[in-house]
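# Structural overview for review
Spelled out from the first residue to the last, the chains are:
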Amino acid sequence: MLQMTININYSKKEINKSPTNIVFFTDDKFSISNLKAKITENDYFYINDLLKAQDLKKNLLVFEINSKKKIILVSTKKNLKSSDIENLGAEFYECINNIKNREYYLDSDTCSNRYNDFLSHFLHGIKLKSYKFKKYKTNKETKTISISIFGKKNKPSIQNQLKFKALEEGTFYARDLVSEPGNILHPDEYAKRLIALKKDGLKINIYDKKKLKKLGMNALLGVGMGSSRGSYLVTMEWNGAKNKTKPLAFVGKGVTFDTGGYSLKPARFMEDMTYDMAGSAAVVGLMKSLALRKAKINAVGVVGLVENMVSGNAQRPGDIVKSFSGKTIEVLNTDAEGRLVLADALSFTEKKFKPKFIVDLATLTGAIIVCLGSEYAGLFSNDDELSKQLSIAGEKVEEKLWRMPLHKNYNKLMDSKNADVQNINYVGGAGSTTAAQFLQRFILNKTPWAHLDIAGMAFSKYGGALNSRGATGFGVRLLNQLIEENYE
(Lines give C-alpha, C1' and ligand atoms only; values in the text may rest on other atoms or scores of the structure.)
Protein backbone atom coordinates (compact mmCIF):
# COMPACT_ATOMS: atom_id res chain seq x y z
CA MET A 1 0.00 0.00 0.00
CA LEU A 2 1.20 3.50 -0.79
CA GLN A 3 2.14 5.96 1.91
CA MET A 4 -0.48 8.71 1.88
CA THR A 5 0.07 12.39 2.54
CA ILE A 6 -3.00 14.50 3.32
CA ASN A 7 -2.94 18.15 2.28
CA ILE A 8 -5.76 20.42 3.51
CA ASN A 9 -6.29 23.71 1.71
CA TYR A 10 -9.03 26.20 0.86
CA SER A 11 -10.65 26.87 -2.51
CA LYS A 12 -13.08 29.37 -4.06
CA LYS A 13 -14.32 26.87 -6.65
CA GLU A 14 -18.06 26.33 -6.96
CA ILE A 15 -19.13 22.74 -6.51
CA ASN A 16 -20.47 22.49 -10.07
CA LYS A 17 -17.19 23.73 -11.49
CA SER A 18 -14.93 21.62 -9.31
CA PRO A 19 -12.93 18.77 -10.85
CA THR A 20 -13.43 15.06 -10.58
CA ASN A 21 -14.02 14.44 -6.89
CA ILE A 22 -16.51 16.26 -4.71
CA VAL A 23 -17.28 15.60 -1.05
CA PHE A 24 -20.63 16.51 0.51
CA PHE A 25 -21.93 16.29 4.05
CA THR A 26 -25.61 15.61 4.41
CA ASP A 27 -28.03 14.86 7.22
CA ASP A 28 -29.19 11.63 8.87
CA LYS A 29 -31.07 10.21 5.92
CA PHE A 30 -28.66 11.27 3.21
CA SER A 31 -31.19 13.86 2.05
CA ILE A 32 -29.66 15.82 -0.80
CA SER A 33 -32.31 18.53 -1.08
CA ASN A 34 -29.74 21.05 0.14
CA LEU A 35 -27.61 20.24 -2.91
CA LYS A 36 -30.15 21.26 -5.54
CA ALA A 37 -28.57 24.64 -6.01
CA LYS A 38 -25.05 23.22 -6.09
CA ILE A 39 -25.15 20.45 -8.69
CA THR A 40 -26.78 20.05 -12.07
CA GLU A 41 -30.41 18.98 -12.24
CA ASN A 42 -29.45 15.77 -14.04
CA ASP A 43 -26.88 14.89 -11.36
CA TYR A 44 -29.37 15.66 -8.63
CA PHE A 45 -32.07 13.31 -10.00
CA TYR A 46 -29.49 10.65 -10.79
CA ILE A 47 -28.21 10.57 -7.19
CA ASN A 48 -31.73 10.75 -5.80
CA ASP A 49 -32.68 7.64 -7.78
CA LEU A 50 -29.55 5.80 -6.66
CA LEU A 51 -30.25 6.61 -3.02
CA LYS A 52 -33.51 4.65 -3.15
CA ALA A 53 -31.56 1.45 -3.73
CA GLN A 54 -28.83 2.08 -1.12
CA ASP A 55 -28.30 0.86 2.43
CA LEU A 56 -28.88 4.13 4.24
CA LYS A 57 -27.43 2.78 7.47
CA LYS A 58 -23.95 3.29 6.06
CA ASN A 59 -21.98 6.37 7.08
CA LEU A 60 -20.55 6.93 3.60
CA LEU A 61 -21.91 6.42 0.12
CA VAL A 62 -19.87 6.79 -3.07
CA PHE A 63 -21.62 7.60 -6.34
CA GLU A 64 -20.02 7.54 -9.78
CA ILE A 65 -21.77 10.24 -11.77
CA ASN A 66 -19.68 9.38 -14.81
CA SER A 67 -16.20 8.09 -15.57
CA LYS A 68 -14.64 11.36 -14.44
CA LYS A 69 -16.78 12.37 -11.52
CA LYS A 70 -17.60 10.90 -8.10
CA ILE A 71 -19.67 12.23 -5.22
CA ILE A 72 -19.18 10.97 -1.67
CA LEU A 73 -22.03 11.53 0.75
CA VAL A 74 -21.18 11.46 4.45
CA SER A 75 -23.92 11.06 7.03
CA THR A 76 -23.79 13.30 10.10
CA LYS A 77 -26.22 11.57 12.41
CA LYS A 78 -27.73 13.08 15.54
CA ASN A 79 -26.00 13.09 18.93
CA LEU A 80 -22.47 12.53 17.66
CA LYS A 81 -19.67 13.04 20.18
CA SER A 82 -16.44 14.68 19.05
CA SER A 83 -14.79 11.24 19.07
CA ASP A 84 -17.57 9.93 16.79
CA ILE A 85 -16.83 12.72 14.31
CA GLU A 86 -13.12 11.86 14.42
CA ASN A 87 -13.97 8.20 13.83
CA LEU A 88 -16.11 9.30 10.87
CA GLY A 89 -13.10 11.15 9.47
CA ALA A 90 -11.02 7.99 9.90
CA GLU A 91 -13.69 5.97 8.07
CA PHE A 92 -13.65 8.56 5.29
CA TYR A 93 -9.87 8.14 5.03
CA GLU A 94 -10.29 4.38 4.62
CA CYS A 95 -12.80 5.07 1.86
CA ILE A 96 -10.61 7.42 -0.18
CA ASN A 97 -7.55 5.26 0.44
CA ASN A 98 -9.17 2.69 -1.83
CA ILE A 99 -10.03 5.19 -4.57
CA LYS A 100 -7.50 6.17 -7.21
CA ASN A 101 -8.53 9.82 -7.26
CA ARG A 102 -6.26 12.28 -5.51
CA GLU A 103 -8.26 15.53 -5.39
CA TYR A 104 -11.36 16.10 -3.26
CA TYR A 105 -13.45 19.23 -2.85
CA LEU A 106 -15.39 19.54 0.37
CA ASP A 107 -18.37 21.87 0.65
CA SER A 108 -18.40 23.26 4.19
CA ASP A 109 -21.86 24.80 3.63
CA THR A 110 -23.37 21.30 3.63
CA CYS A 111 -21.74 20.39 6.95
CA SER A 112 -24.03 19.94 9.91
CA ASN A 113 -24.08 23.00 12.19
CA ARG A 114 -25.33 21.01 15.18
CA TYR A 115 -21.76 20.36 16.33
CA ASN A 116 -19.07 22.70 17.52
CA ASP A 117 -16.40 22.85 14.80
CA PHE A 118 -17.40 19.61 13.09
CA LEU A 119 -14.82 19.95 10.33
CA SER A 120 -11.80 20.30 12.63
CA HIS A 121 -12.64 17.02 14.35
CA PHE A 122 -13.41 15.33 11.03
CA LEU A 123 -10.08 16.37 9.50
CA HIS A 124 -8.27 15.38 12.72
CA GLY A 125 -9.67 11.86 12.34
CA ILE A 126 -8.48 11.71 8.73
CA LYS A 127 -4.96 12.75 9.70
CA LEU A 128 -4.68 10.35 12.67
CA LYS A 129 -5.82 7.40 10.59
CA SER A 130 -3.50 8.26 7.68
CA TYR A 131 -0.29 7.56 9.65
CA LYS A 132 1.91 4.71 8.48
CA PHE A 133 5.49 3.89 9.43
CA LYS A 134 7.33 3.31 6.14
CA LYS A 135 10.81 4.52 7.06
CA TYR A 136 12.55 1.25 6.21
CA LYS A 137 10.58 0.39 3.08
CA THR A 138 12.79 0.64 -0.02
CA ASN A 139 9.74 1.49 -2.15
CA LYS A 140 8.65 4.82 -0.70
CA GLU A 141 6.14 5.81 -3.35
CA THR A 142 3.78 8.35 -1.86
CA LYS A 143 0.18 9.07 -2.71
CA THR A 144 -0.70 12.68 -1.97
CA ILE A 145 -4.35 13.43 -1.33
CA SER A 146 -5.56 17.00 -1.58
CA ILE A 147 -8.76 18.00 0.25
CA SER A 148 -9.85 21.49 -0.72
CA ILE A 149 -12.48 23.15 1.47
CA PHE A 150 -14.84 25.73 0.06
CA GLY A 151 -18.08 27.33 1.18
CA LYS A 152 -19.00 30.27 3.39
CA LYS A 153 -20.13 28.49 6.57
CA ASN A 154 -18.88 25.92 9.11
CA LYS A 155 -15.19 26.30 8.28
CA PRO A 156 -12.63 24.77 10.66
CA SER A 157 -11.53 27.12 13.43
CA ILE A 158 -7.92 28.24 13.19
CA GLN A 159 -7.43 27.72 16.93
CA ASN A 160 -8.58 24.10 16.80
CA GLN A 161 -6.57 23.43 13.66
CA LEU A 162 -3.39 24.59 15.42
CA LYS A 163 -4.20 22.51 18.50
CA PHE A 164 -4.93 19.39 16.47
CA LYS A 165 -1.78 19.88 14.39
CA ALA A 166 0.29 19.91 17.59
CA LEU A 167 -1.55 16.81 18.83
CA GLU A 168 -0.98 15.02 15.55
CA GLU A 169 2.73 15.84 15.57
CA GLY A 170 3.08 14.64 19.16
CA THR A 171 1.10 11.46 18.49
CA PHE A 172 3.02 10.70 15.31
CA TYR A 173 6.33 11.35 17.07
CA ALA A 174 5.32 8.83 19.75
CA ARG A 175 4.28 6.32 17.07
CA ASP A 176 7.58 6.83 15.25
CA LEU A 177 9.56 6.11 18.42
CA VAL A 178 7.60 2.94 19.19
CA SER A 179 7.90 1.73 15.59
CA GLU A 180 11.69 1.95 15.47
CA PRO A 181 13.59 -1.37 15.71
CA GLY A 182 15.72 -2.05 18.76
CA ASN A 183 19.01 -1.90 16.86
CA ILE A 184 18.23 1.69 15.85
CA LEU A 185 16.43 3.15 18.87
CA HIS A 186 18.65 1.94 21.69
CA PRO A 187 19.03 4.13 24.80
CA ASP A 188 22.00 6.09 23.40
CA GLU A 189 20.10 7.05 20.23
CA TYR A 190 16.89 7.73 22.15
CA ALA A 191 18.65 10.19 24.45
CA LYS A 192 20.17 11.99 21.43
CA ARG A 193 16.74 12.37 19.82
CA LEU A 194 15.34 13.91 22.97
CA ILE A 195 18.05 16.57 22.97
CA ALA A 196 16.65 17.70 19.60
CA LEU A 197 13.35 18.62 21.30
CA LYS A 198 15.02 21.74 22.64
CA LYS A 199 14.10 23.38 19.34
CA ASP A 200 10.42 23.05 20.31
CA GLY A 201 11.01 25.01 23.51
CA LEU A 202 11.51 22.17 25.99
CA LYS A 203 14.24 22.24 28.61
CA ILE A 204 16.07 18.90 28.38
CA ASN A 205 18.35 17.38 31.03
CA ILE A 206 20.06 14.03 30.51
CA TYR A 207 21.40 11.95 33.39
CA ASP A 208 23.85 9.32 32.15
CA LYS A 209 25.26 6.31 34.02
CA LYS A 210 27.79 8.35 35.92
CA LYS A 211 25.18 10.86 37.13
CA LEU A 212 22.65 8.13 37.89
CA LYS A 213 25.17 6.22 39.98
CA LYS A 214 25.95 9.38 41.93
CA LEU A 215 22.21 9.92 42.54
CA GLY A 216 21.82 6.34 43.76
CA MET A 217 19.48 5.15 41.00
CA ASN A 218 20.60 1.55 41.30
CA ALA A 219 17.18 0.08 40.48
CA LEU A 220 17.18 1.71 37.04
CA LEU A 221 20.88 1.04 36.47
CA GLY A 222 20.48 -2.62 37.41
CA VAL A 223 18.13 -3.22 34.50
CA GLY A 224 20.65 -1.93 31.97
CA MET A 225 23.69 -3.76 33.35
CA GLY A 226 23.56 -6.47 30.69
CA SER A 227 23.57 -4.05 27.77
CA SER A 228 26.53 -2.56 25.94
CA ARG A 229 24.45 0.62 25.62
CA GLY A 230 24.07 3.36 28.18
CA SER A 231 21.25 3.86 30.66
CA TYR A 232 19.64 7.28 31.08
CA LEU A 233 17.06 9.32 32.88
CA VAL A 234 15.85 12.27 30.80
CA THR A 235 13.74 15.17 32.05
CA MET A 236 11.75 17.45 29.74
CA GLU A 237 10.35 20.66 31.21
CA TRP A 238 7.70 22.96 29.75
CA ASN A 239 7.04 26.20 31.59
CA GLY A 240 3.99 27.73 29.94
CA ALA A 241 2.26 29.20 32.99
CA LYS A 242 2.88 32.83 33.91
CA ASN A 243 3.22 31.96 37.58
CA LYS A 244 5.40 29.40 39.34
CA THR A 245 2.67 26.84 39.95
CA LYS A 246 3.59 23.26 40.70
CA PRO A 247 4.18 21.31 37.49
CA LEU A 248 2.10 18.40 36.30
CA ALA A 249 4.41 15.38 36.08
CA PHE A 250 4.36 12.51 33.59
CA VAL A 251 6.73 9.55 33.90
CA GLY A 252 7.35 6.88 31.26
CA LYS A 253 8.98 3.48 31.10
CA GLY A 254 11.54 3.43 28.29
CA VAL A 255 12.85 -0.12 27.92
CA THR A 256 13.96 0.04 24.29
CA PHE A 257 14.23 -3.73 24.05
CA ASP A 258 13.27 -6.33 26.63
CA THR A 259 14.69 -9.83 26.41
CA GLY A 260 13.52 -10.49 29.96
CA GLY A 261 17.14 -10.70 31.09
CA TYR A 262 18.06 -14.02 32.72
CA SER A 263 14.34 -14.59 33.29
CA LEU A 264 14.32 -14.93 29.53
CA LYS A 265 11.16 -14.42 27.49
CA PRO A 266 10.04 -17.08 24.99
CA ALA A 267 11.41 -16.49 21.48
CA ARG A 268 7.92 -16.29 19.96
CA PHE A 269 6.83 -12.65 19.74
CA MET A 270 9.99 -11.36 21.44
CA GLU A 271 10.41 -9.12 18.39
CA ASP A 272 7.45 -7.11 19.69
CA MET A 273 9.48 -6.06 22.72
CA THR A 274 10.69 -3.03 20.80
CA TYR A 275 7.47 -1.39 22.01
CA ASP A 276 8.33 -1.84 25.69
CA MET A 277 9.25 1.84 25.63
CA ALA A 278 5.75 2.98 24.59
CA GLY A 279 5.09 4.59 27.98
CA SER A 280 8.09 6.84 27.53
CA ALA A 281 7.07 7.59 23.91
CA ALA A 282 3.65 8.78 25.11
CA VAL A 283 5.30 11.12 27.62
CA VAL A 284 7.67 12.45 24.94
CA GLY A 285 4.84 12.92 22.44
CA LEU A 286 2.74 14.72 25.05
CA MET A 287 5.56 17.10 25.98
CA LYS A 288 6.21 17.85 22.32
CA SER A 289 2.50 18.61 21.78
CA LEU A 290 2.34 20.90 24.83
CA ALA A 291 5.34 22.85 23.59
CA LEU A 292 4.06 23.12 20.01
CA ARG A 293 0.66 24.43 21.10
CA LYS A 294 2.18 26.69 23.79
CA ALA A 295 0.09 25.16 26.57
CA LYS A 296 -0.49 27.53 29.47
CA ILE A 297 0.67 25.14 32.17
CA ASN A 298 3.89 23.97 33.76
CA ALA A 299 4.66 20.33 33.05
CA VAL A 300 7.56 17.94 33.33
CA GLY A 301 8.13 14.65 31.53
CA VAL A 302 10.57 12.10 32.95
CA VAL A 303 11.63 8.95 31.09
CA GLY A 304 13.96 6.14 32.12
CA LEU A 305 15.81 4.71 29.10
CA VAL A 306 17.39 1.26 29.38
CA GLU A 307 17.90 -1.95 27.43
CA ASN A 308 17.25 -5.25 29.24
CA MET A 309 19.77 -7.70 27.81
CA VAL A 310 21.62 -10.88 28.80
CA SER A 311 25.39 -10.89 29.33
CA GLY A 312 28.04 -11.68 31.92
CA ASN A 313 27.31 -8.30 33.48
CA ALA A 314 23.53 -8.67 33.58
CA GLN A 315 21.46 -8.54 36.73
CA ARG A 316 20.65 -11.95 38.23
CA PRO A 317 17.46 -13.22 39.87
CA GLY A 318 18.01 -12.87 43.60
CA ASP A 319 20.10 -9.69 43.38
CA ILE A 320 19.32 -6.91 45.84
CA VAL A 321 19.63 -3.26 44.82
CA LYS A 322 19.20 -0.01 46.71
CA SER A 323 16.84 2.40 44.96
CA PHE A 324 16.97 6.20 44.75
CA SER A 325 14.38 6.32 47.56
CA GLY A 326 16.71 4.41 49.88
CA LYS A 327 14.48 1.33 49.86
CA THR A 328 16.08 -1.98 48.98
CA ILE A 329 14.59 -4.23 46.29
CA GLU A 330 15.03 -7.97 45.87
CA VAL A 331 14.99 -8.75 42.14
CA LEU A 332 13.29 -12.15 42.01
CA ASN A 333 12.53 -11.89 38.29
CA THR A 334 14.60 -9.87 35.83
CA ASP A 335 11.64 -9.70 33.44
CA ALA A 336 9.79 -7.53 35.96
CA GLU A 337 12.20 -4.77 35.01
CA GLY A 338 9.92 -1.87 34.08
CA ARG A 339 8.84 -1.37 37.68
CA LEU A 340 12.49 -1.07 38.69
CA VAL A 341 13.00 1.71 36.16
CA LEU A 342 9.83 3.48 37.29
CA ALA A 343 10.64 3.09 40.99
CA ASP A 344 13.66 5.37 40.67
CA ALA A 345 11.99 7.68 38.16
CA LEU A 346 8.91 8.19 40.36
CA SER A 347 10.84 8.95 43.55
CA PHE A 348 13.19 11.28 41.69
CA THR A 349 10.31 13.15 40.03
CA GLU A 350 8.46 13.60 43.31
CA LYS A 351 11.55 14.82 45.19
CA LYS A 352 13.01 17.11 42.52
CA PHE A 353 9.91 18.70 41.02
CA LYS A 354 7.36 18.49 43.87
CA PRO A 355 4.55 18.17 41.30
CA LYS A 356 0.82 18.69 41.66
CA PHE A 357 0.37 15.07 40.59
CA ILE A 358 2.27 12.26 38.86
CA VAL A 359 0.90 10.07 36.09
CA ASP A 360 3.12 7.23 34.92
CA LEU A 361 2.62 5.16 31.77
CA ALA A 362 4.14 1.76 31.09
CA THR A 363 3.68 -1.42 29.11
CA LEU A 364 4.06 -3.06 32.48
CA THR A 365 2.24 -6.39 32.62
CA GLY A 366 0.84 -9.06 30.34
CA ALA A 367 -1.74 -9.63 33.07
CA ILE A 368 -3.53 -6.39 32.14
CA ILE A 369 -4.04 -7.75 28.61
CA VAL A 370 -5.55 -10.94 30.05
CA CYS A 371 -7.88 -8.74 32.10
CA LEU A 372 -8.82 -5.90 29.72
CA GLY A 373 -7.63 -7.00 26.28
CA SER A 374 -7.08 -4.16 23.82
CA GLU A 375 -10.10 -2.06 24.78
CA TYR A 376 -8.99 -0.40 28.02
CA ALA A 377 -5.73 0.48 29.74
CA GLY A 378 -5.54 -0.33 33.42
CA LEU A 379 -5.77 2.64 35.81
CA PHE A 380 -4.41 2.41 39.35
CA SER A 381 -4.37 5.43 41.63
CA ASN A 382 -4.14 6.73 45.17
CA ASP A 383 -6.42 9.68 44.32
CA ASP A 384 -10.12 9.54 43.39
CA GLU A 385 -10.28 12.99 41.80
CA LEU A 386 -7.31 12.36 39.51
CA SER A 387 -8.76 8.96 38.58
CA LYS A 388 -12.09 10.52 37.66
CA GLN A 389 -10.45 13.23 35.57
CA LEU A 390 -8.36 10.65 33.70
CA SER A 391 -11.34 8.38 33.05
CA ILE A 392 -13.48 11.21 31.69
CA ALA A 393 -10.63 12.45 29.48
CA GLY A 394 -10.10 8.92 28.16
CA GLU A 395 -13.75 8.51 27.23
CA LYS A 396 -13.75 11.81 25.33
CA VAL A 397 -10.85 10.86 23.07
CA GLU A 398 -11.58 7.12 23.06
CA GLU A 399 -8.38 6.21 24.87
CA LYS A 400 -10.32 4.41 27.55
CA LEU A 401 -9.22 3.54 31.09
CA TRP A 402 -10.64 1.05 33.60
CA ARG A 403 -9.86 1.62 37.26
CA MET A 404 -8.38 -1.39 39.02
CA PRO A 405 -8.03 -1.95 42.79
CA LEU A 406 -5.19 -1.13 45.14
CA HIS A 407 -5.36 -2.55 48.68
CA LYS A 408 -3.08 -3.16 51.65
CA ASN A 409 -3.64 -6.92 51.36
CA TYR A 410 -2.18 -6.89 47.84
CA ASN A 411 0.66 -4.79 49.18
CA LYS A 412 1.71 -7.56 51.56
CA LEU A 413 2.36 -9.81 48.59
CA MET A 414 5.29 -7.59 47.61
CA ASP A 415 7.08 -7.85 50.98
CA SER A 416 10.50 -9.48 50.73
CA LYS A 417 12.19 -11.70 53.32
CA ASN A 418 15.58 -10.32 52.40
CA ALA A 419 14.91 -6.68 51.44
CA ASP A 420 12.29 -3.97 51.86
CA VAL A 421 10.33 -5.09 48.82
CA GLN A 422 10.49 -7.76 46.11
CA ASN A 423 9.82 -7.01 42.46
CA ILE A 424 7.32 -9.78 41.76
CA ASN A 425 4.49 -11.59 43.51
CA TYR A 426 5.27 -15.31 43.50
CA VAL A 427 2.12 -16.26 45.39
CA GLY A 428 0.26 -15.89 42.08
CA GLY A 429 -2.58 -13.82 40.66
CA ALA A 430 -3.28 -10.08 40.56
CA GLY A 431 -0.16 -9.47 38.50
CA SER A 432 -1.12 -5.96 37.40
CA THR A 433 -2.34 -4.88 40.82
CA THR A 434 0.72 -6.14 42.68
CA ALA A 435 2.93 -4.36 40.12
CA ALA A 436 1.04 -1.14 40.86
CA GLN A 437 1.35 -1.78 44.59
CA PHE A 438 5.11 -2.04 44.08
CA LEU A 439 5.17 1.33 42.31
CA GLN A 440 3.06 2.98 44.99
CA ARG A 441 5.77 2.27 47.55
CA PHE A 442 8.01 4.73 45.72
CA ILE A 443 5.54 7.62 46.04
CA LEU A 444 7.01 8.85 49.29
CA ASN A 445 5.14 12.09 50.09
CA LYS A 446 1.52 11.17 49.31
CA THR A 447 1.58 13.04 45.99
CA PRO A 448 -1.58 12.29 43.96
CA TRP A 449 -0.48 9.55 41.58
CA ALA A 450 -1.93 7.40 38.83
CA HIS A 451 -0.36 4.47 37.03
CA LEU A 452 -1.56 3.57 33.53
CA ASP A 453 -0.71 0.04 32.43
CA ILE A 454 -0.92 0.39 28.64
CA ALA A 455 0.45 -3.02 27.64
CA GLY A 456 -2.70 -3.86 25.66
CA MET A 457 -3.08 -0.44 24.08
CA ALA A 458 0.36 0.68 22.88
CA PHE A 459 0.56 -1.54 19.82
CA SER A 460 -2.18 -2.93 17.60
CA LYS A 461 -1.78 -5.93 15.32
CA TYR A 462 -5.07 -5.21 13.57
CA GLY A 463 -5.48 -1.44 13.70
CA GLY A 464 -8.03 0.64 15.57
CA ALA A 465 -10.54 3.37 14.82
CA LEU A 466 -7.92 6.13 14.60
CA ASN A 467 -4.78 4.15 13.80
CA SER A 468 -3.60 1.59 11.32
CA ARG A 469 -1.86 -1.56 12.58
CA GLY A 470 1.28 -0.89 14.60
CA ALA A 471 2.08 1.76 17.19
CA THR A 472 -0.96 3.68 18.45
CA GLY A 473 0.55 6.61 20.36
CA PHE A 474 -1.90 5.79 23.17
CA GLY A 475 -1.72 8.32 25.98
CA VAL A 476 -0.76 11.48 24.11
CA ARG A 477 -4.30 12.61 23.32
CA LEU A 478 -5.64 11.27 26.63
CA LEU A 479 -3.22 13.29 28.75
CA ASN A 480 -3.60 16.37 26.58
CA GLN A 481 -7.37 16.17 27.17
CA LEU A 482 -6.78 15.79 30.91
CA ILE A 483 -4.68 18.95 30.92
CA GLU A 484 -6.87 20.99 28.61
CA GLU A 485 -10.06 20.16 30.48
CA ASN A 486 -8.84 20.49 34.06
CA TYR A 487 -5.61 22.45 34.36
CA GLU A 488 -5.45 25.16 31.68
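The preceding data block contains the structure.
Since the structure is predicted, the reported quantities are computational estimates derived from the model, not experimental observations.

## Overview of the side chain of serine 120
Mapped onto the secondary structure, serine 120 falls in helix H3 (residues 118–130). With near-sequence residues (within four places) excluded, serine 120 lies in contact with Pro156, Ser157, Asn160, Gln161 and Phe164.

## A look at the packing of aromatic side chains
Counted under the stated rule, the structure contains 14 aromatic pairs. Ring geometry for phenylalanine 118 and phenylalanine 122: centres 5.9 Å apart, planes at 15 degrees, overall stacked. Taken together, the residues phenylalanine 118 and phenylalanine 122, both in helix H3 and four residues apart, mark about one turn of the helix. Take phenylalanine 118 and phenylalanine 122: they sit in the same class, and that class is buried. Pairwise contacts between aromatic rings join Phe92, Tyr104, Phe118 and Phe122 into one cluster.

## Quick word on H3
Taking 1.5 Å of rise per residue, 13 residues should cover 18 Å, and H3 covers 19 Å from first to last C-alpha, within 8% of that figure. H3 sits mainly inside the fold: 12 of its 13 residues count as buried. Among the residues of H3, those classed as buried are Phe118, Leu119, Ser120, His121, Phe122, Leu123, His124, Gly125, Ile126, Leu128, Lys129 and Ser130.

## Digging into the nonpolar core
Ranked by internal contacts, the top residues of the largest apolar core, which has 57 residues, are Phe250, Val359 and Leu390. Residue contributions to this core peak at nine residues, all from helix H8 (residues 278–292). When near neighbours in sequence (up to four residues on either side) are disregarded, leucine 390 contacts Val359, Leu379, Leu401, Ala450, Leu452, Leu478, Leu479 and Leu482. Of all hydrophobic cores here, the second largest spans 37 residues; its members include Val302, Phe348, Phe353 and Met414.

## What about the packing of helix H2 (residues 82–97) against H3?
Running from N to C, H2 and H3 point in directions that differ by 50 degrees, and their axes come no closer than 7 Å. On the basis of the axis angle, H2 is oblique to H3. Our pair here, H2 against H3, has a crossing hand that is right-handed. Residues Ser82, Ile85, Glu86, Leu88, Gly89, Ala90, Phe92, Tyr93 and Glu94 of H2 pack against Phe118, His121, Phe122, His124, Gly125, Ile126, Lys129 and Ser130 of H3.

## Re the sheet that holds strand E9 (residues 248–258)
Strand order across the open sheet formed by eight strands is E7-E8-E10-E9-E13-E17-E14-E15, with mixed pairing between neighbours. Edge positions in the sheet fall to strand E7 (203–207) and strand E15 (401–403), since each of these pairs with one other strand and no more. Taking the axes of each pair of neighbouring strands and ignoring which way they run, one obtains an average angle of 20 degrees across the sheet. Across five bridges, E9 lies against strand E13 (residues 357–362) in parallel orientation. Opposite glycine 252, over in E13, you have leucine 361 as the bridge partner.

## Considerations on unusual backbone geometry
Phi is positive for phenylalanine 269, which is not a glycine, with a value near 75 degrees. Summarising the element assignment, phenylalanine 269 is placed in the loop between E9 and H8. For lysine 446, which is not a glycine, the phi torsion comes out positive at approximately 60 degrees. Residue placement: lysine 446 occurs in the loop between helix H13 (431–440) and strand E17 (449–453).

## Digging into the state of the cysteines
By definition, a disulfide links the sulfur atoms of two cysteine residues through a covalent bond. Taken as a whole and assessed by the stated rule, the structure comprises zero disulfides. Not part of a disulfide, cysteine 95 finds its nearest cysteine sulfur in cysteine 111, a span of 16 Å.

Conventions used here
- Residues numbered from 1 in each chain as written.
- Predicted model: local features only at pLDDT ≥ 70, side-chain atom pairs only at ≥ 80, totals over all residues.
- Heavy atoms only, no water.
- Helix = DSSP H or I, 4+ residues; strand = E, 2+ residues; numbered from the N terminus.
- Contact = heavy atoms within 4.5 Å.
- Phe/Tyr/Trp six-rings, centres within 6.5 Å; stacked < 30°, edge-to-face > 60°.
- Buried < 20%, exposed > 50% of the residue type's maximum accessible area, 1.4 Å probe, protein only.
- Expected span 1.5 Å × (residues − 1).
- Core = buried A, V, L, I, M, F, W, Y, C linked by side-chain atoms within 4.5 Å.
- Axes fitted to C-alpha atoms, helices over the stretch in contact; angles between N-to-C directions.
- Parallel < 35°, antiparallel > 145°, perpendicular 65-115°, else oblique.
- Left-handed = near helix turned anticlockwise from the far one by under 90°.
- Pairing = 2+ DSSP bridges.
- Disulfide = S-S within 2.5 Å.

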